[in-house]
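Per-entry structural report
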Amino acid sequence: NHWATSSGGSAGTCIPTPYDNVYFDVNSFTSNGQSVTINVTAYCNSMDWTGTANTHALMGTSDLHIYGSLTLSAAVALTGNYTGFVYFESAGSGNGIFSAGKSFSGDIYFNGSGDWALQDAFATTSVIRLVNGTLTTNNKNLTCGSFDSYNNNIRQLGLGSSSVTISGAYSSWN
């Protein structure tokens, strides 16, 4: 009921698909502290929060499928609020992930034939699963409960000089 096809546009006009870029900006919220709740499986091409003013939260427990890039802002409250799984599923190249120092709480899947490059340190308290494609940490630190890439798919992990920290109840590098 709240999605619009343009900044400040009429609400209720669309639900994002894997082909739609999703932007959150100053027109997305009417007051400080409001949230976006993902309570059904959600899809988008790229998601960008850099236009937001004030602090807002990404919340929910349902999965989020991103077919492009993800750009969060320091104003997004994420840790513990959003516990759904995030699936990066691009078939294209040049996808970036900027998490703005935020830590995810759910599993993170890289499951497309495309590539992703971290633009800053990336963290989840859960599992990172490299199923398909190329993940380049870009010399940025990576923190997770465990890392799993145990399969026969074509995939590549470029760590460069990144520090990888694995800790959690079932910590493992697989």
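In case you missed it, the structure is sitting above this.
Note that residues are indexed from 1 along each chain, following the sequence as it is written. Given that this is a predicted model, residues contribute local features only at a pLDDT of at least 70 and side-chain atom pairs are listed and counted only at 80 or more, while totals for whole chains, interfaces and linings are drawn from all residues. As a rule here, side-chain values cover all heavy atoms of the structure and leave hydrogens and water aside.

1. Side note on the side chain of S149
For clarity, the threshold we go by: Counting from the N terminus, the helices are DSSP H or I runs at least four residues long and the strands are E runs at least two residues long. Residue contacts follow a heavy-atom distance rule, with two residues in contact if any of their heavy atoms lie within 4.5 Å.
Structurally, S149 can be placed in the loop between β16 (146-148) and β17 (155-158). Setting aside residues no more than four positions away along its own chain, S149 makes contact with L130, R155 and N174.

2. A look at the pairing of strand β14 (residues 127-136)
This is how it is decided: Here, strands pair whenever DSSP counts at least two bridges between them.
Across seven bridges, the pairing between strand β12 (residues 108-118) and β14 is parallel. When the bridges of β14 are listed, N111 appears paired with N132. Bridge count for β14 against β16 is three bridges, and the pairing is parallel. Residue pairing across strands places R129 opposite D148, the latter belonging to β16. Pairing of β14 with β17 involves four bridges; the strand directions are parallel. Paired with G133 across the bridge in β17 is R155.

3. Focus: unusual backbone geometry
Leaving glycine aside, a negative phi is the common case for residues, and trans is the common case for peptide bonds. With a phi close to 60°, N138 is a non-glycine residue in the positive phi region. Structurally, N138 is set in the loop between β14 and β15 (142-144).

4. Things to note about the sheet that holds strand β8 (residues 76-77)
Taken in spatial order, the three strands of this open sheet run β2-β5-β8, and their pairing is parallel. Each edge of the open sheet is held by one strand with a lone partner, namely β2 (35-38) and β8. Here strand β5 (residues 56-60) runs beside β8; their pairing, made up of two bridges, is parallel. Among the inter-strand pairings, H56 is bridged to a residue of β8, identified as V76.

5. Thoughts on the environment of I128
Summarising the element assignment, I128 is placed in strand β14. Measuring from C-alpha to C-alpha, the distance between I128 and F110 comes to 7.9 Å, with 18 residues separating the pair along the chain. Beyond its immediate chain neighbours, meaning those up to four positions away, I128 contacts I108, F110, F122, L142, T143, C144, S146, F147 and D148.

6. Thoughts on the sheet that holds strand β13 (residues 122-124)
An order of β11-β13-β15-β18 is seen for the four strands of this open sheet, with the pairing classed as parallel. The strands lining the two open edges of the sheet, one partner per strand, are β11 (103-104) and β18 (164-166). Alignment of β13 against β15, held across two bridges, turns out to be parallel. For F122, the partnering residue across the bridge sits in β15 and is L142.

7. Things to note about the pattern of salt bridges
Keep this limit in mind: The salt bridge definition used is simple: a Lys or Arg side-chain nitrogen within 4 Å of an Asp or Glu carboxyl oxygen. Buried means the residue's accessible area, taken with a 1.4 Å probe over protein chains only, is under 20% of the maximum for its type, while exposed means over 50%, and partly exposed covers the values in between.
Counted according to the given criterion, the structure contains two salt bridges. The partner of R129 in a salt bridge is D107, with the nearest N and O atoms 3.7 Å apart. Taken together, the positions of R129 in strand β14 and D107 in the loop between β11 and β12 put the pair 22 residues apart, joining distant regions of the chain. For D107, a relative accessible area of 8% puts it in the buried group. The salt bridge partner of D148 is R129, with a shortest N-O separation of 2.9 Å. Taken as a pair, D148 in strand β16 and R129 in strand β14 lie far apart in primary sequence, 19 residues in all. For R129, a relative accessible area of 23% translates into the label partly exposed. If you follow the salt bridges from partner to partner, you end up with D107, R129 and D148 in one network.

Geometric values such as these leave the question of function open.
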